[in-house]
Amino acid sequence: MTVFKTFLKVLNKCKFVIILYTVILLTFGAFNMTTSENSTNFVASKPDVLIINNDENVGVTKNLVEYITNNSNNVDVKNNEDAINDALFYREINYIIYIPQNYRQDILDGKNPEIEIKSTGDYQASYAEMLLSRYINIEVIYAKEIKDEDKLIEKINNTLAEQTEIEITSKLDTDSLSKATFYYNFASYSILAGAIYVICLILSSFNETKIRKRTIISSMNYKKHNRILLISNALLAIALWIFYVIISFIIVGKTMFSIQGVIYIVNSFIFTICALTIAFLIANLVNNKNAINGIVNVIALGSSFLCGAFVPVEWLPASVLKVAHILPTYWYIQTNELMKTIEKFDIESLKPVFINMGVIALFTIIFVIITNIISKRKRKIA
Amino acid sequence: MKNIIEVKNLTKEYRNLKAIDDLSFEVHEGEILGLLGPNGSGKSTTINCILSLLKFSKGSIKILGKEMKPDSYDIKKDLGVIFQEVAVFEELTVYENIDYFCGLYIKDKTTRKKYIKEAIELVGLEEFKKFYPKQLSGGLLRRLNIACGIAHKPKIIFLDEPTVAVDPQSRNSILDGIKKLRDQGATIVYTTHYMEEVEILCDRIIILDKGKVLATGTSDKLKELAKIEEKVTIEINNLQPEQIEKIKQLENVDEVNYNVGNLIITYKKGKNNLGELIEHLKKENIKYNKIYSERPTLNDVFLELTGKELRD
């Protein structure tokens, strides 16, 4: 009890660090909530298009102008090349369509007239180009078969008016899952940084050479003393994990009562144990309290950035993700990311989850082995 | 007298260097044994070997009649150690620190509470119980260090240079505390390179150098080893070489040194040396300011045995 009680007293001195990392997690979690809620509304945007019609505004030409006008914002710019170029440069227009002379006649003759365009090259311009291509492709195909202009216009308009019904069969609550994934991804930083910082600080106090000497010569079995310290640290890490899991229930409660929720919890538990072994390894290597802060930043922040805890994995370059494979955080985040897409839970779909968890467990074993080797070597030197 | 610690032929080698060379000695029950020697003489290495903190190359160590090993927890419960460096938790208060180290030995809460109170009283830290180590001065920290090492009431206490870099007031308090511990029945092994401390504190002294025992005995016995009986110092200005030569001719004079107005005369043996010297100075009409006589110190003994000063 003496060792455990002293452990708690030393831990009490580190409580601000735990509070700090929890506040960071909660702040980013809350920030994510607000940004995710905004993304539930979608309004289609229209490109700003200028049509310069050099043909007569009748028949198929008029129909083209009407179609483009109805599906875009029609911008009025002086019919002056300099003014047009300026408007394009300042992004007042995304796309300019120059309808050539005899466009109508060429279409009716079954030809494919060339249309000159100017574009800003952005996604709005691409959308305008898509509208134009869609119209002309349909027009050219029908014009080869239909010679009557009114019928041609009618056929084109009917085809363009056709809509495809899309039914979303997935029952996944993607918004809630995204929030949970973000929370648990970010929690990897809080767990790793919190565990390493606090455990290393506590162990550096107990392992200080002078205090260690005093403990070794005492009548308490030194192996027993170390066992108590190990259990105390494990309890601390588990308490930290339980605390973060409880917060996840508060933030994304609904998701946590699903199979995905169970996987998030199991995955974070395995990761917490791995973080604990990393903390033991570092505590064995470093005994300087001032150096611990720097090491926490390098390991926790570094792996969180490299593995996608702070930014979505899909935004990270392939080369970065390749490097991230050597870090346990990567495998932890991969499992969280999978939760956003897996709908049917069976052995086959859960296989990558088990593999990811297995890799983290393997990392844990490796860290334990390295820690043992180092501490044995240290004892020999002493 | 019962031997509490028996060290026989202890040798500790670091590659080609012998830190302890065939060292043998005993510590008697209830005594304060001083291990005296210059820095690097092997005092701390000897203590570390006795406590099984260091593996030794040869020899045997018995404490309370049993062989001392790293897992001799039945022996360790009777040992208390105070190292030169302060070994306490920065995060714990004075009381909590003593409680932790005492708790490594004493499980019973009530007994521990009583022992902690007594330890705090012994070192005079009653007013600082709730202070953190960083709030304490160097001297108070040393006292806390001692309290942490003795709170469990050990039968044998090892003190490894506990007064290094300590102010005179704290030093006196520490030395008084050690005497009290001995009076309470503890056996104490005290290592230091301060000969004054050894002289006033220790019942028996072992002089070490280069890992070897040079001499063992009480302070008076050791002083007999010095070939001088008396040392007289006189403050004289402008002493002429022929006058020094005449002093050298006096009976029992071993050596005469004159340096910066100080004349130091060492005598081999004999009585009334000081009286004869004063008479000679009168006869020669030599004026002097101050004159005093000293018995040989342990430093003289060390000088006699090794040819160098203990403070070197």
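Residues numbered from 1 in each chain as written. Chains lettered and ligands numbered in written order. Predicted model: local features only at pLDDT ≥ 70, side-chain atom pairs only at ≥ 80, totals over all residues. Heavy atoms only, no water.

(A) Focus on the interface of chain A and chain B. The partner chain B presents 31 residues to the 25 residues of chain A that form the contact. Of all residues in chain A, Arg214, Ile217 and Ser219 of chain A bury the most surface against chain B, accounting for 30% of the area lost on that side. Where chain A packs against chain B, one counts 0 salt bridges. At the surface where chain A touches chain B, the tally comes to 11 residue pairs in polar contact (both at pLDDT 80 or more). Elements supplying a minimum of two residues to the side of chain A that touches chain B: helix 1 (2-12), helix 8 (174-206), helix 9 (209-216) and helix 10 (222-251) of chain A. (Contact = heavy atoms within 4.5 Å. Buried area = accessible area lost by both parts, 1.4 Å probe. Salt bridge = Lys/Arg side-chain N within 4 Å of Asp/Glu carboxyl O. Polar contact = N/O pair within 3.5 Å; in protein donor to acceptor, adjacent residues only side chain to side chain. Helix = DSSP H or I, 4+ residues; strand = E, 2+ residues; numbered from the N terminus.)

(B) Seen up close, the domain arrangement of chain A. What the domain assignment lists for chain A is domain 1 (2-38 + 176-381) and domain 2 (48-161). Computed from C-alpha coordinates alone, the two centres of domain 1 of chain A and domain 2 of chain A are separated by 59 Å. (Domains from an automatic or database assignment.)

(C) Inspection of helix 12 (residues 259-285) of chain A at higher detail. Given a rise of 1.5 Å per residue, 27 residues ought to cover 39 Å, and the 39 Å separating the end C-alpha atoms of helix 12 of chain A matches this to within 8%. With 20 of 27 residues buried, helix 12 of chain A lies mostly within the body of the structure. (Expected span 1.5 Å × (residues − 1). Buried < 20%, exposed > 50% of the residue type's maximum accessible area, 1.4 Å probe, protein only.)

(D) How the structure looks around the pairing of strand 3 (residues 95-99) of chain A. Residues and elements named next belong to chain A. Among the 5 residues in strand 3, 5 count as buried, and that is most of the element. Of the two faces of strand 3, the one holding Tyr95, Ile97 and Ile99 and the one holding Ile96 and Tyr98 are both buried throughout. Two elements, strand 1 (residues 48-53) and strand 3, share 5 bridges in a ladder whose sense is parallel. When the bridges of strand 3 are listed, isoleucine 51 appears paired with isoleucine 97. Bridge count for strand 3 against strand 4 (residues 116-119) is 4 bridges, and the pairing is antiparallel. Within the sheet, the bridge partner assigned to isoleucine 96 lies in strand 4 and is lysine 118. (Pairing = 2+ DSSP bridges.)

(E) Spotlight on the state of the cysteines. Applying the stated rule across the entire model yields 0 disulfides over all chains. The structure places no disulfide on cysteine 274 of chain A, whose sulfur is separated from the nearest cysteine sulfur, that of cysteine 307 of chain A, by 11 Å. In this model cysteine 102 of chain B remains outside any disulfide bridge; the closest cysteine sulfur is found in cysteine 148 of chain B, 9.6 Å from its own. (Disulfide = S-S within 2.5 Å.)

(F) Layout of the sheet that holds strand 6 (residues 79-82) of chain B. All names here are of chain B. The strand order across the open sheet formed by 6 strands is 6-7-8-3-9-10, and the pairing between neighbours is mixed. Strands at the two margins of the open sheet, each flanked by one partner only, are strand 6 and strand 10 (212-217). On average, each strand axis in the sheet is inclined to that of its neighbour by 15 degrees, with strand direction left out of account. Direction of pairing for strand 9 (residues 204-209) relative to strand 10: antiparallel, over a ladder of 5 bridges. From the neighbouring strand, leucine 208 faces strand 10, where its bridge partner is valine 213. Sheet strands touched by helix 11 (residues 298-306): strand 3 (32-36), strand 9 and strand 10. Its angle to strand 9, the strand with the most contacts, is close to 40 degrees. (Axes fitted to C-alpha atoms, helices over the stretch in contact; angles between N-to-C directions.)

(G) Broad picture of the packing of aromatic side chains. One pass over the full model with this rule turns up 22 aromatic pairs over all chains. Considering the side-chain rings of phenylalanine 128 of chain B and phenylalanine 131 of chain B, the 5.3 Å spacing of their centres and the 80 degrees angle between planes classify their relative orientation as edge-to-face. By way of ring pairs, the aromatic residues Phe182, Phe186, Tyr189, Phe305 and Phe310 of chain A are connected into one cluster. Its guanidinium or amino end placed over the ring of phenylalanine 83 of chain B, lysine 213 of chain A lies 4.4 Å from that ring's centre, counting from NZ or CZ. Here the basic side chain of lysine 153 of chain B rests over the ring of tyrosine 115 of chain B, its NZ or CZ set 5.2 Å away from the ring centre. (Phe/Tyr/Trp six-rings, centres within 6.5 Å; stacked < 30°, edge-to-face > 60°. Lys NZ or Arg CZ within 6 Å of the ring centre and 35° of its normal.)

(H) Spatial organisation of the sheet that holds strand 5 (residues 66-67) of chain B. All names here are of chain B. A sheet is described by the order of its strands in space; here 4 strands give the open sequence 2-1-4-5, paired in antiparallel fashion. If you trace the sheet from one side to the other, it starts and ends with strand 2 (17-28) and strand 5, each paired once. Against the sheet, helix 1 (residues 43-50) makes contact with strand 1 (3-14), strand 2 and strand 4 (58-63), and its axis sits at roughly 65 degrees relative to strand 2, the strand it touches most.

(I) Quick look at the packing of helix 1 of chain A against helix 10 of chain A. All names here are of chain A. At a minimum axis distance of 9 Å, the contact between helix 1 and helix 10 shows a crossing angle of 45 degrees. Looking at the two axes, helix 1 sits oblique to helix 10. The crossing of helix 1 and helix 10 is right-handed. The residues of helix 10 that touch helix 1, namely those facing Val3, Phe4, Phe7 and Leu11, are His225, Ile228, Leu229, Ser232, Asn233, Leu235 and Leu236. Among the residues forming the contact of helix 1 with helix 10, the class breakdown is 8 nonpolar, 3 polar and no charged. (Parallel < 35°, antiparallel > 145°, perpendicular 65-115°, else oblique. Left-handed = near helix turned anticlockwise from the far one by under 90°. Nonpolar A, V, L, I, M, F, W, Y, C, P; charged D, E, K, R; others polar.)

(J) Examining the environment of glutamate 284 of chain B more closely. Residue and element names in this part refer to chain B. Among the structural elements, glutamate 284 can be located in the loop between helix 10 (273-283) and strand 14 (291-294). On the basis of relative accessible area, glutamate 284 is assigned to the partly exposed category, the value being 23%. Sequence spacing of glutamate 284 and tyrosine 258 is 26 residues, and the spatial spacing of their C-alpha atoms is 17 Å. For glutamate 284, the side chain forms a polar contact with the side chain of lysine 246, separated by 3.4 Å.

(K) Layout of the nonpolar core. If you look at the biggest cluster of nonpolar residues, it comprises 134 residues, and the most contacted ones within it are Ile202 and Phe206 of chain A together with Ile98, Leu144 and Ile178 of chain B. When near neighbours in sequence (up to four residues on either side) are disregarded, isoleucine 98 of chain B contacts Ile116, Ile120, Leu144, Ala147, Cys148 and Ala151 of chain B. Core analysis: the second largest hydrophobic core is formed by 29 residues, Leu51, Ile63, Val81 and Phe158 of chain B among them. (Core = buried A, V, L, I, M, F, W, Y, C linked by side-chain atoms within 4.5 Å.)

(L) A look at a positive patch on the surface. Taken together, the side chains of Lys223, Lys224 and Arg227 of chain A together with Lys107 of chain B make up a positively charged region of the molecular surface. Relative to the assigned elements, lysine 224 of chain A resides in helix 10. The exposure class assigned to lysine 224 of chain A is partly exposed, which follows from its relative accessible area of 35%. (Patch = residues over 30% accessible without salt bridge, like charges linked within 9 Å, V, L, I, M, F, W, Y side chains within 5 Å. Areas by Shrake-Rupley, 256 points an atom, 1.4 Å probe, with all protein chains shown as cover. Lys, Arg positive; Asp, Glu negative; His and termini not counted. Charge placed at Lys NZ, Arg CZ, Asp CG, Glu CD.)

(M) Representation of the pattern of salt bridges in the model. Residues and elements named next belong to chain B. Counted by the stated rule, this structure contains 25 salt bridges over all chains. With a closest N to O distance of 2.5 Å, lysine 223 and glutamate 199 form a salt bridge. Of this pair, lysine 223 sits in helix 8 (residues 219-224) while glutamate 199 sits in helix 7 (residues 195-201), and the two are 24 residues apart along the sequence. Among the residues examined, lysine 223 registers a relative accessible area of 12% and is labelled buried. For glutamate 199, a relative accessible area of 28% translates into the label partly exposed. The residue glutamate 284 makes a salt bridge to lysine 246 at a minimum N-O spacing of 3.4 Å. Residue glutamate 284 is found in the loop between helix 10 and strand 14, and its partner lysine 246 is found in helix 9 (residues 241-248); the two are separated by 38 residues along the sequence. Linked by salt bridges that have partners in common, Lys18, Asp21 and Lys212 make up one network.

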